[in-house]
Amino acid sequence: MNSKKNKLLAAGLGATLACSAVSAEQTSGPFKWGADLRLRQVWIDNVGLDADSATGDRTFERYRGRLWGSYTFGDQLEASARLMWEGRHYQDPARSNWPAAGFENWYSGGILFDQLTIGAKQIGGSPLSLKVGRQDIVLGNGWLVFEGTPLDGSRSIYLDAARATYSLASLGTTLDLIYIDQSADTGRFPQSLNGEVEDQTEQHETGVIVYGRNKSLIEGTDLDGYFIYKHNDPNLTPRNLRINNGTPFTSPSDSGDIYAAGLRADSKLTPNWSVRAETAYEWGTRNDRDLSAFGFNGRLTYSFNDSLKNQLHADFEYLSGDDPDSADDQAFDPLWGRWPQWSELMIYQWPLESRVGEATNLQRLNVGWIAQVHPTTQLLVDYHALWADEQSTRTAAQMVNLSGDGDFRGHLLTAWLKSKFSQNVSGHLVAEYLMPGDYYADNRRNDSFFVRAEVVLTW
């Protein structure tokens, strides 16, 4: 990296960290409100694992501001809203190198509501609650249900949904019934206030989730069981996906009906040992092919219970891949789980074979360490060994990007330093390094790294 670029990066980071916002204190009574401002500086090397690519290196800032409020009517009814905006400024690559017309070094996105709900608790004196509208929904560890808007990165995660929750306190059980109706873009109510219409996911999506949680059947153990149905309708008028992590391209829509049934357990075995595991089977149709796929995700943790809160963990994740010799589709679909669950860098590499954040065809072994190295600061260090389950090279794009000769994806090292400086100020530093393996084509085996600095101001 030359000295001119170093000066530019330092200036960008300095400007990012120097930003401030007008505070908005919460008020007492039925009306509450707050705000936050997230400031990020990001450096990425070799997106696409090709050092010769003119757009492989990325340097940009992200500025996201949010303002939220809620009003409670009596003891049962509440209305809430959150308004957000995120702008981005790119130093690298040069504007002239972007393949999509209209991309600008400064990108000002839509001003939109990423939460807008009406909720009711203990309806008619029963243990039933209901929330309707645009809302964040996270089930379990977010493996399959977390992210409804993968094309805007971490700007938002909302789902347009209706969620009914029934609590059986005497049995330590809650039941959720969720209906999802997600538009592919921001052109539907509630539209952005400044007229910007952006793609949020590649297809129009509807779905139903039945999710049960139990905390009493086995002492110290959370047991979850669920059924998920997801219907995909192609988006026939996709827009230039500039917002997608700064990557301008048109990503293909999915079509079809996917069904999934799964189980999850999270257990404290002893004061030192804990384990969590989740597995799901999927069937149905995707893009005019019959689907039959399987996934597993588990972690074993040992806690030292010392002054530094040291923990060691080992993970294994398996996502079935598409067998190139079969007419059916065996590739596991992450459903609404397309977010950086274990790697920020891999989000930028998945489009070589699938789509942004669409992890599939994977075997992952991970060992890691977590420690509270300071009263304000936590350190997380992980190593991941990555393989492909199948040498899937069906499409022309895959044949260019993937070797077809090996199944080793590579070695991935990740490290996080997370700090909570005060009630109003937090931040982190994250660094990742990927050494690609023989699963990728010869011209896509250049090492890649990701670095991000973040400060969040909250009121």
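Quantities reported herein were computed from a predicted structural model and do not represent experimental measurements.

A. Inspection of the overall build of the protein chain at higher detail. A tally of helices and strands in the protein chain yields 2 helices and 19 strands. Out of the 459 residues belonging to the protein chain, those deemed buried represent 49%. Relative to all contacts within the protein chain whose residues are 6 or more apart in sequence, the contacts with residues 24 or more apart total 64%. As displayed, the protein chain has an accessible area near 20,400 Å², and 58% of this comes from carbon and sulfur atoms.

B. Looking closely at the nonpolar core. Core analysis: the largest hydrophobic core is formed by 50 residues, its most contacted members being Ile44, Leu144, Val145, Ile209, Ile228, Trp336 and Met346. When sequence neighbours within four positions are dropped, the list of residues in contact with Ile44 reads Gly56, Asp57, Arg58, Phe60, Leu345, Tyr348, Phe449 and Phe450.

C. Spotlight on the layout of surface pockets. In this structure, the second largest pocket spans a volume of roughly 610 Å³. Surrounding the second largest pocket, 25 residues form its lining, Glu353, Ser354, Glu358, Thr395 and Gln398 being those nearest its centre. Here the lining of the second largest pocket gets 3 residues from one element, more than from any other, and that element is helix α2 (residues 396-401). Here the lining of the second largest pocket is built from residues that sort into 7 nonpolar, 9 polar and 9 charged.

D. Quick peek at the pairing of strand β5 (residues 112-120). Two strands pair when backbone bridges link them, and strand β3 (residues 77-92) and β5 are joined in this way by 8 bridges, in the antiparallel orientation. Considered in β5, the bridge of Ser80 is made with Thr117.

E. Seen up close, the packing of aromatic side chains. According to the stated counting rule, one finds 19 aromatic pairs in the structure shown. An aromatic cluster of three or more residues is present, and its members are Phe227, Tyr229, Tyr259, Tyr281 and Trp283. The positively charged end of Arg134 is found above the aromatic ring belonging to Tyr158, 4.0 Å away from the centroid.

F. Seen up close, the side chain of Asp160. Considering the arrangement of structural elements, one finds Asp160 in strand β7 (residues 159-168). Classification of Asp160 as buried rests on a relative accessible area of 12%. Reaching out from Asp160, the side chain makes a polar contact with the side chain of Arg134 at a distance of 2.7 Å. Residues in contact with Asp160, not counting those within four places in the same chain, are Gly133, Arg134, Tyr179, Ile180, Asp181, Gln182 and Arg188.

G. Molecular detail of the pairing of strand β18 (residues 425-436). The sheet contact formed by strand β17 (residues 408-420) and β18 spans 11 bridges and is antiparallel. Note that in β18 the partner of Leu417 across the bridge is Leu429. Hairpin remark: β17 followed by β18, antiparallel, with 4 residues in the connecting loop.

The rules behind the values
Residues numbered from 1 in each chain as written. Predicted model: local features only at pLDDT ≥ 70, side-chain atom pairs only at ≥ 80, totals over all residues. Heavy atoms only, no water. Helix = DSSP H or I, 4+ residues; strand = E, 2+ residues; numbered from the N terminus. Buried < 20%, exposed > 50% of the residue type's maximum accessible area, 1.4 Å probe, protein only. Contact = heavy atoms within 4.5 Å. Areas by Shrake-Rupley, 256 points an atom, 1.4 Å probe, with all protein chains shown as cover. Core = buried A, V, L, I, M, F, W, Y, C linked by side-chain atoms within 4.5 Å. 1 Å grid on protein atoms, 1.4 Å probe; cavity = no way out; pocket = protein on both sides within 12 Å on 5 of 7 lines; lining within 4 Å. Points joined across faces, edges and corners; volume = space filled by probe spheres on them. Nonpolar A, V, L, I, M, F, W, Y, C, P; charged D, E, K, R; others polar. Pairing = 2+ DSSP bridges. Phe/Tyr/Trp six-rings, centres within 6.5 Å; stacked < 30°, edge-to-face > 60°. Lys NZ or Arg CZ within 6 Å of the ring centre and 35° of its normal. Polar contact = N/O pair within 3.5 Å; in protein donor to acceptor, adjacent residues only side chain to side chain.

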